[in-house]
Amino acid sequence: MTGTIIDGKAFAEGLRQRIAGRVAELGRVHGVQPGLAVVLVGEDPASQVYVRNKAKQTVEAGMRSFEHRLPATTSEAELLALVARLNADEAVDGILVQLPLPPHVNAQKVLEAIDPAKDVDGFHPVNVGRVATGGGGLVPCTPLGSLMLIKSVRRDLAGLDAVVVGRSNIVGKPMAQLLLAESCTVTVAHSRTRDLPGVCRRADVLVAAVGRPQMIKGDWVKPGAIVIDVGINRVPAPELGEGKNRLVGDVAYAEASAVAGAITPVPGGVGPMTIACLLHNTLESCCRRRGLPFAAP
Ligand SMILES: Nc1nc2c(c(=O)[nH]1)N[C@@H](CN(C=O)c1ccc(C(=O)N[C@@H](CCC(=O)O)C(=O)O)cc1)CN2
Ligand SMILES: [Mg+2]
């Protein structure tokens, strides 16, 4: 038996098309064009790819893209000054500072300097608090996309046992909040959890966000479970040629897909949803900032 493969690439493409339709309508009816500013500090190769893709998909959705590429030597004060300018810029509805930042910059301080109304990453404590209290804050993109994929295979999650492996501020903690809001019974597991395989085996919904290649084995998965793999790990792949790498998730996919009811692949699962949800949040912040109605696209 192989579980349903949840095609995040196709879902993200559909979502981006629906967003583009809404953006076109905003322009026609209200003369408004959402704008997203993305800030990249330094030359991290993966971050450069993500930022390029964000800018490309922003423009394809009909939004304005403002790219700010700064050298790795940029000081915290210079970065804070840029954030202040973007906060004040009426054409900018969303601000995203690509992570990771260089070690000499206090990332939390920079994230907290972003106007919560423009915080399309949903990392500002005001949005974290609103999401935790059900108050309609901007939701971090990866957990939001993961929830959309879960709900694409099962609408009603009430009463299900959900296990989130990983407790990061970016994925694990907000994911747990979203599943709790869906009336799941949520466990957040992490590196110090006792009997992690046993805890995972209880999960009707299992979200893996630990950053360890293929750590979650097939026999940790409850038969029929929905498995969401947030991991993006580059591992050596000598079979592809000398010095080559390939991407794997946090889940041992071949084993787990034989047991799961539905599972996301890596690549092509959660990853593409992250940028689609960034556009979703930019549309949402544009509408909310201007007092226009926003309904999920
Ligand atoms: N400010 C932020 N920084 C970072 C975030 C974030 O949400 N906000 N998330 C990650 C990186 N990220 C977006 O920034 C991201 C990661 C992965 C993908 C994606 O499409 N992955 C593909 C594979 C891509 C590849 O081949 O490398 C997939 O999984 O299919 C998009 C965006 C860290 N920083
Ligand atoms: Mg992400």
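Criteria and cut-off values
- Residues numbered from 1 in each chain as written.
- Chains lettered and ligands numbered in written order.
- Predicted model: local features only at pLDDT ≥ 70, side-chain atom pairs only at ≥ 80, totals over all residues.
- UniProt positions renumbered as here; feature names shortened; annotations may be inferred.
- Helix = DSSP H or I, 4+ residues; strand = E, 2+ residues; numbered from the N terminus.
- Rg over C-alpha atoms; globule rule 2.2 N^0.38 Å.
- Buried ≥ 20, exposed ≤ 12 C-beta atoms within 10 Å, placed from the backbone.
- Contact = placed C-beta atoms within 7 Å.

The protein chain appears in an unreviewed UniProt entry as Bifunctional protein FolD from Chelatococcus albus. Within the UniProt record for the protein chain, the comment given under Sequence similarities (unreviewed entry) is "Belongs to the tetrahydrofolate dehydrogenase/cyclohydrolase family." One UniProt comment on the protein chain, placed under Function (unreviewed entry), says "Catalyzes the oxidation of 5,10-methylenetetrahydrofolate to 5,10-methenyltetrahydrofolate and then the hydrolysis of 5,10-methenyltetrahydrofolate to 10-formyltetrahydrofolate."

Participant: Would you explain the overall build of the protein chain in this entry?
Facilitator: If you tally the helices and strands in the protein chain, you get 10 helices and 11 strands. Over its C-alpha atoms the protein chain spans a radius of gyration of 19 Å, differing by no more than 12% from the 19 Å that the globule rule assigns to 297 residues. When the 297 residues of the protein chain are sorted by exposure, 43% land in the buried category. Considering only contacts in the protein chain between residues 6 or more positions apart, those separated by 24 or more positions represent 68%.

Participant: Just to check I follow, could you spell out the UniProt feature "domain: Tetrahydrofolate dehydrogenase/cyclohydrolase NAD(P)-binding" (unreviewed entry) in the protein chain for this structure?
Facilitator: With numbering matched to this structure, UniProt assigns "domain: Tetrahydrofolate dehydrogenase/cyclohydrolase NAD(P)-binding" (unreviewed entry) to residues 140-288. As a span, residues 140-288 carries 36% helix and 19% strand, and end to end its C-alpha atoms are 17 Å apart.

Participant: I keep staring at unusual backbone geometry and nothing clicks. Help me out?
Facilitator: In terms of backbone geometry, most residues other than glycine have negative phi values and most peptide bonds are trans. Put simply, Leu99 and Pro100 share a cis peptide bond, and its omega is 5 degrees. Within the secondary structure layout, Pro100 lies in the loop between strand S4 (94-97) and helix H4 (107-113). Residues Val266 and Pro267 are joined by a peptide bond in cis, for which omega reads 0 degrees. Here Pro267 shows up in the loop between strand S11 (262-263) and helix H10 (270-289). If you check the backbone angles, Asp195 has positive phi at about 50 degrees while not being a glycine.

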